[in-house]
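Reading the structure
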Amino acid sequence: MAKPVPVLLLLARVAIAGRSPLRWPLVLGLALSAVGDVLIQRPGGFLAGLGAFLLAHLAYTTGFWRARPVLLAARALPFLLFAGVMGYWIAPGTGGMELPVGIYILAISGMMWRASVLAGAPGYAASVGRLALGGALLFAASDSLIAIHRFVAPQPWANVPIMLLYWLGQAGIAAAAVVAGREARSAA
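Residues numbered from 1 in each chain as written. Predicted model: local features only at pLDDT ≥ 70, side-chain atom pairs only at ≥ 80, totals over all residues. Heavy atoms only, no water.

A few words now on the overall build of the protein chain. A count of helical and extended segments in the protein chain gives seven helices and zero strands. Starting at the N terminus and ending at the C terminus, the protein chain contains elements arranged as α-α-α-α-α-α-α. Projected onto the principal axes, the alpha-carbon positions of the protein chain cover approximately 55 × 40 × 25 Å. Here the protein chain, with 188 residues, has 47% of them falling under the buried criterion. Contacts in the protein chain between residues far apart in sequence, at least 24 positions, make up 74% of those at least 6 positions apart. For the protein chain, the accessible surface area stands at approximately 8900 Å², while carbon and sulfur atoms represent 74% of it. Within the protein chain, the 4 negative side-chain charges are centred at a point lying 12 Å from the centre of the 13 positive side-chain charges. (Helix = DSSP H or I, 4+ residues; strand = E, 2+ residues; numbered from the N terminus. Buried < 20%, exposed > 50% of the residue type's maximum accessible area, 1.4 Å probe, protein only. Contact = heavy atoms within 4.5 Å. Areas by Shrake-Rupley, 256 points an atom, 1.4 Å probe, with all protein chains shown as cover. Lys, Arg positive; Asp, Glu negative; His and termini not counted. Charge placed at Lys NZ, Arg CZ, Asp CG, Glu CD.)

If you want it as structure tokens, here you go:
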């Protein structure tokens, strides 16, 4: 039950951050991640946990979109490539879960894309975007290790890097909201 504690602490910090388009979507994403942390650890809870994390990625994506609502479709290409490679690599081992896992891969790829768009914003938003993108990439690295461990070949060493990458990723995403709130306060 201790697994969601760091994410809940990040949630509390983001909730008191200054006003920004990132704050409430990221609070929601962190709350859903904490739910996913609990569900995914339960016997038979993988799909429920995956669903909670999928909703968390959609919340993060919403926040990143609200912070910089420009398309920049070309920035999606590396993340679509990531989705295709991961899907192709792990699909044979998903044991009938191809659809939910595929949807999840697309959601996290979309979240990384929107963070990359935010990273290219002018002014203070560029530093916010770098934090968001760094967090998104670390989160995806953690999830990639989970997918390899679960669907390709178990890696006995993977648990520690999975958790470190996950918590660092969540911290980067949360820091983006905190910095955005701080900047919004100083601009007011």
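Moving on, we get to the packing of helix α4 (residues 77-90) against helix α6 (residues 125-152). Contact pair α4 / α6: the axes reach a minimum separation of 10 Å and the direction vectors enclose 15°. Considering the angle they form, α4 stands roughly parallel to α6. For the pair α4 and α6, the crossing hand works out as left-handed. Across the interface between the two elements, F79, F82, M86, W89 and I90 of α4 pack against L133, L137, A140, S144, A147, I148, F151 and V152 of α6. Per-class residue counts for the contact of α4 with α6 are twelve nonpolar, one polar and no charged. (Axes fitted to C-alpha atoms, helices over the stretch in contact; angles between N-to-C directions. Parallel < 35°, antiparallel > 145°, perpendicular 65-115°, else oblique. Left-handed = near helix turned anticlockwise from the far one by under 90°. Nonpolar A, V, L, I, M, F, W, Y, C, P; charged D, E, K, R; others polar.)

Each pair of packed helices gets described by two things: the angle between the helix axes and the distance between those axes. Where helix α1 (residues 5-15) contacts helix α2 (residues 23-41), the two axes come as close as 9 Å, and the packing angle between them is 165°. One element, α1, and the other, α2, form an angle in the roughly antiparallel class. In this structure, the crossing between α1 and α2 has a hand that is left-handed. Note on element contacts: α2 touches α1 through R23, W24, L26, V27, L30, A31, S33, A34 and D37, opposite V7, L8, L10, L11, V14 and A15. Here the residues of the contact of α1 with α2 sort into twelve nonpolar, one polar and two charged.

Below, the discussion takes up the nonpolar core. Ranked by size, the top nonpolar core spans 50 residues in total, and within it V14, L22, L26, L30, Y60, F64 and F139 carry the most contacts. When residues of this core are traced back to their parent elements, those giving at least two are α1, α2, α3 (46-67), α4, α5 (98-119), α6 and α7 (159-187). The dominant element in this core, judged by the number of residues it contributes, is α5, at twelve residues. Setting aside residues up to four positions removed in sequence, F139 forms contacts with S33, F53, H57, Y60, Y104, I108, L165, Y166, G169, Q170 and I173. (Core = buried A, V, L, I, M, F, W, Y, C linked by side-chain atoms within 4.5 Å.)

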